[in-house]
Structures are given as C-alpha cells and as structure tokens.
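One letter stands for each residue in the lines below.
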Amino acid sequence: MRHLPARTTRPSRTTRRRVVGSLTAALLCAAGLAAPAAARDTAAPPATGQAADAPDAPRAKLPDGLARTPPMGFNNWNSTHCRADFNEAMIKGIADIFVEKGLKDAGYEYVNLDDCWALPQRDANGKLVPDPVRFPNGIKAVADYVHAKGLKLGIYTSAGTKTCNSAGFPGALGHERSDAQQFADWGVDYLKYDNCNNQGVDAKKRYIAMRDALKAASETTGRPIVHSICEWGENKPWEWAADVGHLWRTTGDISDNWGSMLSIMKRNLPLAKYAGPGHWNDPDMLEVGNGGMTDTEYRTHFSMWSIMAAPLLIGSDLRKASPETFEILGNEEVIAVDQDPLGKQGEVVSSEGGRWVVAKEMKDGSRAVALFNETGTAQSVSTTAKAVGLPAADAYTLRDLWEHKSYNTAGRIAATVPAHGTVLLRVSADGKWAHHPPAAELGLDGSLFVEPGKTAEVTSKVTNLGRTSAQRVSVTLGAPSGWTVRATSPTTARSLRTGKALATSWTVTAPAGTKPGSYDVTLKASYRSPHGARAEKVLPLTAQVVVAPPAGNSLLGDLPWLSATNGWGPVERNTSNGDSGLGDGRPITIGGKVYAKGLGVHAESAVEYYTGAACEKVAAQVGVDDETIVKGTIAFEIWADGRKAASTGVLTNAMPAQELSADVSGAQVVRLVVTDGGDGIDSDHGDWAEAALSC
C-alpha cells in the first residue's frame with residue numbers, strides 16, 4: 001500500500017489522487033469534452049468506468065514460453081527516481097556492466113526503464129515521444145544497443161490517463177493498442193504496467209486490454225513482451241491474473257529500509273500457492289546496494305526474495321556499486337534457488353518469536369531452507385529435514401549458500417543467526433553426506449550486554465549436528481582491542497558425537513569509559529571430520545555496551561535505545577512519525593488529545609531498550625496518530641526478551657488511545673513492536689504516548 005504523506009517521487013500513488021482523477025474524468029464527460037481522436041485507439045475508446053476492451057471480448061492467452069522462471073534484470077527507479085541521471089547513458093552503462101561483471105551469465109537479462117522516459121505530451125498523431133534530453137537517440141536505439149549485448153529492454157507506463165510522476169507523463173488507458181505497437185516496434189521485451197490515474201476503471205479490464213494489445217503487437221514483430229502488472233495488490237491479482245500477466249505486484253512500493261522490506265516480505269509469503277512458471281508473485285524490486293540497510297540486511301533481502309521465487313530486478317546504480325553489492329547480487333547458488341525450474345515459491349514452516357523457517361521444494365528433490373532472524377539480537381533458528389519435506393534418511397547433505405561449503409547433518413537444521421540475518425541452505429537426501437564434515441551450530445546463551453568497567457559472563461556452545469563425529473574441537477571468542485576476554489572453562493574437546501556440545505564459559509570486560517554502542521565480537525570454532533577434513537565455523541556477533549537504566553520512572557522518549565527500525569522514515573522522539581525525514585514529526589495526537597512525550601513510529605517498527613533485569617513495568621497510551629486523517633490499522637506489542645508480555649488488537653484511526661502495560665520483571669531487553677493490521681503499511685503511524693519504564 002502507498003504511504004499517505006506526499007512523496008516527491010510518486011505522489012500520485014494515493015487514494016486521494018485517484019479520486020481527483022475520477023472527478024476530473026466525470027467533469028470532462030459532463031461538459032461534453034473529449035480528447036482529440038488522434039490521441040485514442042479508435043477501436044477501443046474508453047468511457048469513464050470502462051476499459052479499452054469490451055467485457056465480453058475474447059481473451060487472448062499470454063505468449064507461451066515467457067517468464068518460465070522469475071524475471072531477472074535491472075530497473076532504475078529505486079536508485080534514480082525521476083532525476084536527471086536516469087538517461088540513455090545510464091541504461092547503456094548498466095547493460096555494459098551486466099556483461100563485464102558476469103551478471104548476464106548469472107541470469108540477469110532485462111534492462112528496464114521506469115517512469116519519466118517520455119515527454120509529458122503525445123505528438124499530433126497520439127504517439128508517445130521519448131524525452132530528447134534523456135534519450136537523444138530514441139528508445140529503439142537503446143533497445144538495439146541492449147539487444148546487441150544479448151540482453152533485453154523493458155519499459156514503463158501506467159494503466160491510467162497519466163503515469164505516477166507528478167509531471168504527468170502520458171499513460172496508456174485508451175491507447176493500449178497504439179502504445180503496445182510502439183513498444184513492439186522499438187524492440188521492447190518487457191512492460192511494467194502501473195496503476196496510477198486509472199479513472200476508476202476496473203483493474204481486470206485495464207490489464208486484460210493491455211495483455212491483448214501486447215499480444216497483437218508482438219505478433220507483428222515476432223518479439224513477445226513480458227507483461228508485469230503493477231497494481232500494488234489492491235485487487236488481489238494473484239486470484240485472477242495468471243492468464244493476464246506474467247507477474248503481479250503483491251504490495252505497495254518498497255523503500256530502502258528494514259521495516260519496509262520486512263513488511264513486504266510478510267505480505268508476500270502467504271501467497272505461495274499462486275506462483276509458478278509464467279505467473280509470479282512480485283514483492284517489488286531489490287534495494288540491495290542503495291545504502292539504507294546493512295549488508296547483513298541486504299543478504300536477507302536477496303535470500304528471502306530468492307526463496308520466494310520473486311523477480312530479481314536490481315534497483316541500485318551498478319556504476320557506483322560496492323564489491324559487497326556485486327557479491328550479493330552475483331551469488332549464483334542463491335540465484336539458483338530463485339530460478340529453480342520447478343517454480344515453487346517457498347512456504348513458511350515456522351515463525352515463532354521472529355525466528356522464521358521458510359522452505360522451498362526444488363526440482364532435484366532437495367529443499368532450500370531459509371533460517372531468518374527478524375529480531376534485533378542473535379537467535380538460534382532450527383527445524384528438521386522431516387519438517388521441510390525431505391524423506392527419511394540416515395543423514396543429509398547441507399550446503400550453506402553464502403559460505404559455499406557443504407556439511408552433513410543427522411536431520412537437524414539449525415544455526416545461530418545474527419540480528420536481521422538469514423542463513424540460506426540447500427538440504428539433500430542424496431547419499432553423499434559422508435563425504436562432508438559434520439555441520440555444527442555456534443551460539444551464545446543469552447545476549448552480550450556489557451556495562452563499561454564491569455564484567456559480563458556469557459557461555460558459548462559448539463553443537464555437533466552431523467551424523468559423524470566432530471573431532472579436535474576448539475573455540476575462541478574475539479573482542480575489540482583493549483577489551484578483556486577470559487575463558488573460565490575448557491575451550492577444547494577431543495570429540496563430539498551427534499547432538500553433543502562443547503560449552504565454554506567466558507568473562508568479557510569493556511574498559512571503563514567505553515562509549516555505549518554496538519561492538520563486533522567473533523565466535524570461532526574449528527574441528528575435523530573422522531576422515532581428517534578440517535572445518536571452521538565463524539559466527540559474527542554484536543556486544544552492546546550499555547548504560548544501566550535509571551531507577552524510578554523514566555519516559556522512553558528521553559532514554560537511549562539499543563536499536564530502532566521503522567517502516568517509514570526514522571522513529572521520532574516526543575513527536576509523531578511525520579514524513580520520511582528525521583525531525584519532521586508533529587505533536588503526538590490520538591483521538592484529538594495531544595501528548596507531550598512518547599515515540600512516533602510507523603509499522604513495521606521495533607524499538608529495543610536495555611533494562612538489565614532491573615525493571616518491572618512498561619506502560620503507554622497507544623493508538624494511530626491523527627496525522628493519518630482517516631487511514632492506519634496497526635497493533636502494538638510489548639516483548640520482554642523473547643516473551644510477548646502484552647499486546648492490543650488491531651487499532652484504527654477512529655479509536656481513542658488505549659492503555660497498554662506489561663510486567664517486564666527479569667528481562668534484559670524490552671522491545672516495543674508495532675505491526676500492520678494485516679492490510680499492508682499504508683499510513684500506519686503509531687504513537688507510544690507517555691511511554692514510561694519503571695525500574
């Protein structure tokens with residue numbers, strides 16, 4: 001769903017804009033006004049509320065053979081929006097990089113133009129006109145260049161009178177046949193068909209009209225065109241579009257932040273049964289490399305899109321991409337999960353406490369398994385070979401697709417996963433398991449919170465998951481320079497049988513004066529298989545240098561947090577969420593009542609505080625902020641470590657503030673969570689008004 005506050009990039013993606021468009025169309029009809037005949041397809045003139053094709057028109061089938069696996073390629077929108085750097089040079093440069101960096105060989109194929117490629121007005125014959133500044137040689141010349149590289153070109157328009165940009169570029173509603181023929185004549189291979197300014201015309205009719213137009217145009221050139229439906233999931237296209245488009249957006253636009261990516265993933269996962277060869281769920285383009293998330297979060301983004309069999313359309317400017325970005329986007333083992341010809345979308349096996357297991361059946365009988373940690377601290381995430389659908393066997397081969405290493409497991413599939421991280425595995429009952437060393441899980445009991453100058457105690461574990469023994473096991477714990485780390489129990493074991501663990505106690509001390517914040521620590525284990533093969537496992541972790549919470553009652557809007565994620569813009573202290581910038585919130589207001597203190601958030605949101613087992617209660621007045629006007633459906637949760645201590649039902653803008661409190665006695669960390677109401681994160685502004693912690 002789109003976000004209510006105005007965006008400078010695509011402000012027309014709001015209900016308000018569509019209502020204005022419908023009123024405009026009605027007024028034009030009432031006044032007897034019509035567009036020039038040359039500007040419309042004469043065979044399909046749409047009146048208000050009608051599509052270009054009559055409802056009973058025979059339905060053409062989609063071109064055979066297209067998008068048998070999820071499309072892979074590039075789209076400029078996430079990195080450039082409508083800025084001047086979106087131009088011919090960029091598109092050609094991306095095509096060059098696809099070839100030079102091996103992305104073409106990895107499967108990336110489409111180089112797609114998004115909005116703003118055309119002039120705002122059609123020519124006298126009703127034809128689209130490429131912007132001569134951005135594309136001085138026209139679209140066909142760009143298509144020819146891309147085709148010469150062995151790649152394909154995509155283009156964009158909207159199933160409305162205008163596209164989504166506020167400049168008002170021409171849309172294809174009423175021009176389907178003409179525009180589709182232009183695209184085909186230029187050599188276009190892929191159309192992203194948006195939903196703005198649709199004049200209230202039925203979505204099915206609008207997208208069927210373009211499907212038929214693309215089919216007819218393709219027959220004149222012999223070049224079929226992929227039809228990408230981008231109506232944001234508003235009309236549940238997964239239920240009706242399998243013979244209308246090759247892929248369909250299931251959600252609103254993605255943003256380059258953790259909350260947005262997480263919310264979209266959660267809305268797309270339940271739709272697995274609708275995906276398959278030639279008809280895919282599309283949770284929007286990739287943000288990998290755009291800078292709003294960490295590399296760990298981007299690996300999660302890429303892993304989860306791949307296990308969901310989602311289109312992989314790169315959204316970053318590869319001319320400026322880091323080596324880490326190319327490493328993520330070019331991981332051919334992860335890409336193989338996405339592109340598996342069986343065409344299954346991964347399904348959720350479990351998701352308790354933000355610890356997700358998602359499994360995908362592969363054509364060779366193996367299972368891709370994502371162990372995903374939604375939370376802000378490292379978590380053990382586990383499942384079994386049986387639970388993910390594998391047949392009974394003595395043992396299994398377990399391939400880590402980010403480590404590029406293989407192990408054997410007796411059947412348990414587990415890993416301690418860093419905060420916001422994903423371990424992506426491929427597990428097979430292939431009979432070759434004995435050739436690999438045993439899998440091992442590394443982990444810490446509890447989170448590593450250190451107060452400066454004080455000693456923290458923690459226990460590490462190295463657990464043998466394999467069918468064979470792990471021999472000559474040793475473990476180390478590394479911390480920043482100047483810190484003191486001491487083992488207080490053995491760090492080695494001669495041998496570990498299946499399911500057995502080496503537990504080691506450690507003391508960790510950060511020097512007095514160490515500034516609060518996150519610091520890298522590394523848990524490392526080495527061992528050998530019975531055949532002598534050496535294996536090493538490394539678990540990157542985070543130590544939090546913290547300040548003990550103050551005694552008495554404290555307002556959370558004035559306390560430092562451990563971490564904060566938000567679905568739109570940053571979490572705001574003592575104001576509403578506002579728009580996308582820091583400090584742009586308004587007075588916290590719920591049901592007309594103004595509150596001076598609190599937190600302004602936007603679903604999906606999580607704000608974590610260190611409580612150090614010294615606090616008893618969290619309390620707040622919660623609700624949807626009045627700045628959403630009439631929108632917003634959210635739910636509030638208070639978590640004490642891994643336990644949900646309190647929650648509300650779904651709250652709407654029409655409801656007054658509700659009191660929410662929880663007993664958090666004994667908790668090291670309190671987490672304040674806001675989820676959407678099950679309908680996406682459209683204007684889901686939540687307030688933790690007068691949120692207070694009692695210690």
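Given the structure is predicted, the values throughout are model-derived calculations rather than measurements.

**Observations concerning the overall build of the protein**
Part 1 of the argument: Looking only at helices and strands, the protein has 11 helices and 39 strands in total.
Part 2 of the argument: Taken against the 2.2 N^0.38 rule, which gives 26 Å for 695 residues, the C-alpha radius of gyration of the protein at 27 Å falls within 12% of a compact globule.
Part 3 of the argument: A principal-axis box enclosing the C-alpha atoms of the protein has dimensions of 85 × 65 × 40 Å.
Part 4 of the argument: Relative to its full complement of 695 residues, the protein shows a buried share of 57%.
Part 5 of the argument: Expressed as a percentage of contacts within the protein between residues at least 6 apart in sequence, the contacts between residues at least 24 apart total 73%.
Part 6 of the argument: With the model as given, the accessible surface of the protein reaches about 26400 Å², and the carbon-plus-sulfur share is 51%.
Part 7 of the argument: Within the protein, the 76 negative side-chain charges are centred at a point lying 4 Å from the centre of the 71 positive side-chain charges.

**What to know about the side chain of Thr-409**
Part 1 of the argument: As for its placement among the helices and strands, Thr-409 is situated in strand 14 (residues 405-409).
Part 2 of the argument: Classification of Thr-409 as buried rests on a relative accessible area of 0%.
Part 3 of the argument: A polar atom in the side chain of Thr-409 sits 3.1 Å from the backbone nitrogen of Gly-411.
Part 4 of the argument: For Thr-409, the contacting residues outside a window of four places in its chain are Ala-395, Tyr-396, Leu-398, Leu-465, Gly-466 and Arg-467.

**Let's talk about the state of the cysteines**
Put plainly, a disulfide is one covalent bond tying together the sulfur atoms of two cysteines.
Part 1 of the argument: Under the criterion given, the structure shown has three disulfides.
Part 2 of the argument: Note on cysteine connectivity: Cys-164 is disulfide-linked to Cys-196, with sulfurs 2.0 Å apart. Its S-S torsion of about 100° marks the bond between Cys-164 and Cys-196 as right-handed, since a negative value means left-handed. Placement of Cys-164 in the loop between strand 3 (152-158) and helix 6 (176-186) and of Cys-196 in the loop between strand 4 (190-194) and helix 7 (203-221) is noted, with a sequence separation of 32 residues between them. We note that Cys-164, like Cys-196, is buried.
Part 3 of the argument: The disulfide bridge from Cys-615 ends at Cys-695, spanning 1.9 Å between sulfur atoms. Across the S-S bond of Cys-615 and Cys-695 the torsion is about 80°, and the bridge reads as right-handed. Placement of Cys-615 in the loop between strand 32 (605-610) and strand 33 (617-624) and of Cys-695 in the segment after strand 39 (685-694) is noted, with a sequence separation of 80 residues between them.
Part 4 of the argument: Judged by relative accessible area, Cys-615 falls into the buried class, the value being 3%.

**Thoughts on the sheet that holds strand 7 (residues 280-282)**
Part 1 of the argument: Overall, parallel pairing links the eight strands, which are arranged 7-6-5-4-3-2-1-8 in an open sheet. Lying at the two open borders of the sheet, with one neighbouring strand each, are strand 7 and strand 8 (312-314). Averaged over all pairs of adjacent strands, the angle between strand axes in this sheet comes to 25°, irrespective of strand direction.
Part 2 of the argument: When strand 6 (residues 247-249) meets strand 7, the two strands line up parallel, connected through three bridges. Residue Arg-249 lies in a different strand from strand 7, and its bridge partner there is Asp-282.

**Observations regarding helix 3 (residues 88-100)**
Part 1 of the argument: With 13 residues, helix 3 should reach 18 Å at 1.5 Å per residue; the first-to-last C-alpha distance of 18 Å fits that figure.
Part 2 of the argument: For helix 3, the full list of buried residues reads Glu-88, Met-90, Ile-91, Gly-93, Ile-94, Ala-95, Asp-96, Ile-97 and Phe-98.
Part 3 of the argument: N-capping of helix 3 is provided by Asn-87, with a side-chain oxygen placed 3.2 Å from the backbone N of Ala-89.
Part 4 of the argument: At the C-terminal side of helix 3, Gly-102 shows a positive phi close to 80°.

**Let's talk about empty space enclosed by the protein**
Leftover empty space is mapped by rolling, across the atoms, a probe with the size of a water molecule.
Part 1 of the argument: The full count for this structure, using the stated rule, is five cavities of 30 Å³ or more.
Part 2 of the argument: By volume, the second largest cavity amounts to about 90 Å³.
Part 3 of the argument: Lining of the second largest cavity is provided by Asn-75, Asn-112, Tyr-190, Lys-192, Ser-228, Cys-230, Arg-249, Asp-282, Asp-284, Met-285 and Leu-313.
Part 4 of the argument: Its residues assigned to classes, the lining of the second largest cavity shows four nonpolar, three polar and four charged.

**Brief notes about the nonpolar core**
Part 1 of the argument: Of all hydrophobic cores here, the largest spans 103 residues; its most connected members are Ile-91, Phe-98, Tyr-108, Trp-117, Phe-302 and Trp-305.
Part 2 of the argument: Examining the composition of this core, we find that seven residues originate from one element, helix 7, more than from any other.
Part 3 of the argument: Sequence-distant contacts of Phe-302, defined by excluding residues within four places in its chain, comprise Tyr-108, Leu-286, Val-288, Leu-312, Ile-328, Leu-329, Asn-331, Val-334, Ile-335 and Trp-402.

**Some words on the packing of helix 3 against helix 5 (residues 138-148)**
Part 1 of the argument: In contact at an axis separation of 10 Å, helix 3 and helix 5 are set at 10° when each is read in the N-to-C sense. In terms of their interaxial angle, helix 3 and helix 5 are classed as roughly parallel. Seen from above, helix 3 lies across helix 5 with right-handed handedness. The residues of helix 5 that touch helix 3, namely those facing Glu-88, Ile-91, Lys-92, Ala-95 and Asp-96, are Gly-138, Val-142, Tyr-145 and Val-146.
Part 2 of the argument: Residues belonging to the contact of helix 3 with helix 5 are distributed by class as follows: five nonpolar, one polar and three charged.

**Quick word on helix 6**
Part 1 of the argument: A large share of helix 6 lies buried, amounting to eight of its 11 residues.
Part 2 of the argument: Of all the residues in helix 6, the buried ones are Glu-176, Ser-178, Asp-179, Ala-180, Gln-182, Phe-183, Ala-184 and Trp-186.
Part 3 of the argument: Residues of helix 6 that are buried sit in contact with helix 5, strand 3, strand 4 and helix 7.
Part 4 of the argument: The positive-phi residue at the C-terminal boundary of helix 6 is Gly-187, with phi of around 95°.

**Details of the packing of aromatic side chains**
Part 1 of the argument: In total, this model carries 12 aromatic pairs according to the counting rule given.
Part 2 of the argument: Ring plane angle 70° and centroid distance 6.4 Å describe the contact between Trp-117 and Phe-183, whose orientation is recorded as edge-to-face. Remark: Phe-183 occurs in helix 6 and Trp-117 occurs in the loop between strand 2 (110-112) and helix 5; sequence separation between them is 66 residues.
Part 3 of the argument: Owing to a relative accessible area of 4%, Trp-117 belongs among the buried residues under this scheme.
Part 4 of the argument: Overall, Phe-183 belongs to the buried group, its relative accessible area being 1%.
Part 5 of the argument: Ring centres 6.0 Å apart and planes at 55° place the aromatic pair Trp-258 and Phe-372 in the tilted group. Here Trp-258, found in helix 8 (residues 258-268), pairs with Phe-372, found in strand 11 (residues 367-373); they are 114 residues apart in sequence, far enough to count as distant.
Part 6 of the argument: The buried category is assigned to Phe-372, whose relative accessible area is 0%.
Part 7 of the argument: An aromatic cluster is built from Trp-117, Phe-183 and Trp-186, whose rings are joined through pairwise contacts.
Part 8 of the argument: Over the ring of Trp-561 we find Arg-573; its NZ or CZ atom is 3.9 Å from the centre of that ring.

Analysis parameters
Along each chain, residue indices are assigned from 1 in the same order as the chain's sequence is written. Only residues with pLDDT of 70 or above have their local features reported here, since the model is predicted, and side-chain atom pairs are shown and tallied only from 80 upward, although totals for entire chains, interfaces and linings are computed over all residues. To obtain the side-chain values, all non-hydrogen atoms of the structure were included, while hydrogens and water were left out. The numbering of helices and of strands both runs from the N terminus, where a helix is a DSSP run of H or I of at least 4 residues and a strand a run of E of at least 2. Restricting the calculation to C-alpha atoms gives the radius of gyration, and the globule rule supplies 2.2 Å times the number of residues raised to the power 0.38. The cut-offs for exposure are 20% and 50% of the maximum accessible area for each residue type, with area from a 1.4 Å probe on protein chains only; residues under the lower value are buried, those over the upper are exposed, and the others partly exposed. Residue contacts are defined here by distance: any two heavy atoms, one from each residue, within 4.5 Å place the two residues in contact. The Shrake-Rupley method, run with a 1.4 Å probe sphere, supplies the accessible areas, and residue values consider only the shown protein chains as cover. A positive count includes Lys and Arg, and a negative count includes Asp and Glu. His and the chain ends are not counted in either. A charge is said to be at NZ when it belongs to Lys, at CZ for Arg, at CG for Asp and at CD for Glu. We call two N or O atoms a polar contact when they sit within 3.5 Å, provided that within protein one can donate a hydrogen and the other can accept it, with sequence-adjacent residues counted only if both atoms are side-chain atoms. We call a pair of cysteine sulfur atoms a disulfide when they lie within 2.5 Å. By this definition, two strands are paired if DSSP reports at least two bridges between them. For helices, the axis comes from a line fit to the C-alpha atoms of the stretch in contact; other axes are also lines fit to C-alpha atoms, and the angle between any two N-to-C directions lies between 0 and 180 degrees. Helix span, expected: 1.5 Å multiplied by one less than the number of residues in the helix. Lining residues are those with an atom within 4 Å of a point, where the points come from a 1 Å grid over the protein atoms alone and group into cavities, where a 1.4 Å probe fits but cannot get out, or pockets, open sets with protein on both sides within 12 Å along at least five of seven lines. Grid points are joined across faces, edges and corners, and a volume is the space filled by probe spheres set on the points. Residues are grouped as follows: Ala, Val, Leu, Ile, Met, Phe, Trp, Tyr, Cys and Pro are nonpolar; Asp, Glu, Lys and Arg are charged; every other residue, Gly included, is polar. Side-chain atoms within 4.5 Å link the members of a nonpolar core, which is a set of buried Ala, Val, Leu, Ile, Met, Phe, Trp, Tyr and Cys residues. Convention used here: angles under 35 degrees read as roughly parallel, angles over 145 as roughly antiparallel, angles from 65 to 115 as roughly perpendicular, and any remaining angle as oblique. Helix crossings get a hand from a simple test, with the near helix turned counterclockwise from the far one by less than a right angle marking a left-handed crossing and a clockwise turn marking a right-handed one. Each aromatic pair joins two rings of Phe, Tyr and Trp (for Trp, the six-membered one) with centres within 6.5 Å, and gets the label stacked for planes under 30 degrees apart, edge-to-face for over 60, and tilted for any other angle. Both a distance and an angle decide whether a charge sits over a ring: NZ of Lys or CZ of Arg must be within 6 Å of the ring centre and within 35 degrees of the ring normal.

Functional significance is not addressed by these values, which are geometric in nature.
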